Amino acid sequence: MAGHSKFKNIMHRKGAQDKKRSGMFSKLSREITVAAKMGLPDPDMNPRLRAAVNAAKAQSMPKDNIQRSIDKASKGDAENYEEIRYEAFGPGGVSLIVETLTDNRNRTVTNVRTAISKNGGNLGAPGSVSHAFDRMGLINYPASAGDADKVFEAALEAGAEDVTSSEDGHEIWTAQGDLHEVANALTPVLGEPEGAKLAWRPQTMVEVAEGDAATLFKLIDALDDDDDVQTVWGNYEVSDEVMEKLG
């Protein structure tokens with residue numbers, strides 16, 4: 001269990017996107033409803049729902065909104081969402097995985113393809129880029145949860161596979177099937193995590209130059225602005241120098 005944070009730039013972009021509060025609440029609400037519909041409407045008995053509720057709380061989503069999203073599923077009022085993954089090639093040779101929850105497959109694929117093609121990318125076939133990523137569990141904690149040594153020791157004891165700590169927080173990586181078990185073991189030690197979800201971790205990173213980085217960020221922003229898009233994963237790495245130039 002070692003390594004440095006290769007996801008700093010991704011998390012930086014995600015943090016900027018989180019400020020778009022209404023759009024974020026819409027995505028969080030959709031995930032809560034889907035999680036509640038797929039299992040029991042009780043977060044204590046439904047690991048995916050618990051993770052979704054914790055993520056919503058971390059973004060200061062009101063309790064009434066959270067409960068309303070759960071009730072939609074239990075009352076049968078929810079739309080029939082399906083999970084669809086798209087794979088794409090972005091500027092600078094970057095690979096992207098776009099996870100969506102949609103009630104209209106045709107609308108979503110059209111919007112995703114348009115956002116990608118207008119910003120220097122191409123939509124790929126299923127499996128075209130996912131082979132270069134590992135499917136793993138990702139648990140996020142804020143920096144306030146503890147210093148790197150404390151979090152590392154807790155993660156090691158809980159059965160995690162890797163930890164990356166930075167000033168932005170802690171990322172704890174687990175085997176795909178161990179996500180909720182590790183999250184449950186960490187909670188008494190570090191508190192409730194900000195997020196616990198399945199993730200796509202790149203096997204290798206691609207350094208992106210300034211020109212391509214600007215286009216790439218426009219592409220990611222365009223995807224994030226779509227309510228159907230839940231998460232965008234990428235294997236890009238942008239240097240601090242380039243980030244400063246881009247502002």
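Residues numbered from 1 in each chain as written. Predicted model: local features only at pLDDT ≥ 70, side-chain atom pairs only at ≥ 80, totals over all residues. Heavy atoms only, no water.

Draft legend 1. Spatial organisation of the pairing of strand E2 (residues 95–102). The element E2 is largely enclosed, with a buried count of eight among its eight residues. The alternating pattern of E2 places Ser95, Ile97, Glu99 and Leu101 on one face and Leu96, Val98, Thr100 and Thr102 on the opposite face, and all of these are buried. Of the strand pairs in this sheet, strand E1 (residues 82–89) and E2 are connected by eight bridges, and their pairing is antiparallel. Note that in E2 the partner of Arg85 across the bridge is Glu99. Hairpin connection between E1 and E2: a loop of five residues separates the two successive antiparallel strands, and Gly92 in this loop has a positive phi of roughly 75°. Sheet analysis places E2 next to strand E9 (residues 229–234), joined by five bridges and oriented antiparallel. Bridge assignment links Leu96 to a residue of E9, and that residue is Gly234. (Buried < 20%, exposed > 50% of the residue type's maximum accessible area, 1.4 Å probe, protein only. Helix = DSSP H or I, 4+ residues; strand = E, 2+ residues; numbered from the N terminus. Pairing = 2+ DSSP bridges.)

Draft legend 2. Main features of the pattern of salt bridges. Scanning the model with the defined rule gives ten salt bridges in all. The salt bridge involving Glu31 is made with Arg48; its shortest N-O contact spans 2.8 Å. Separated by 17 residues along the polypeptide, Glu31 in helix H2 (residues 21–38) and Arg48 in helix H3 (residues 47–58) bring together distant segments of the chain. Arg107 is paired through a salt bridge with Asp228; the nearest N and O atoms lie 3.0 Å apart. In this pair, Arg107 is assigned in helix H5 (residues 105–117) and Asp228 in the loop between helix H8 (210–224) and E9, connecting sequence segments 121 residues apart. Within the structure, one salt-bridge network assembled from shared partners comprises Arg30, Asp103, Arg107 and Asp228. (Salt bridge = Lys/Arg side-chain N within 4 Å of Asp/Glu carboxyl O.)

Nothing here speaks to function; it is geometry throughout.
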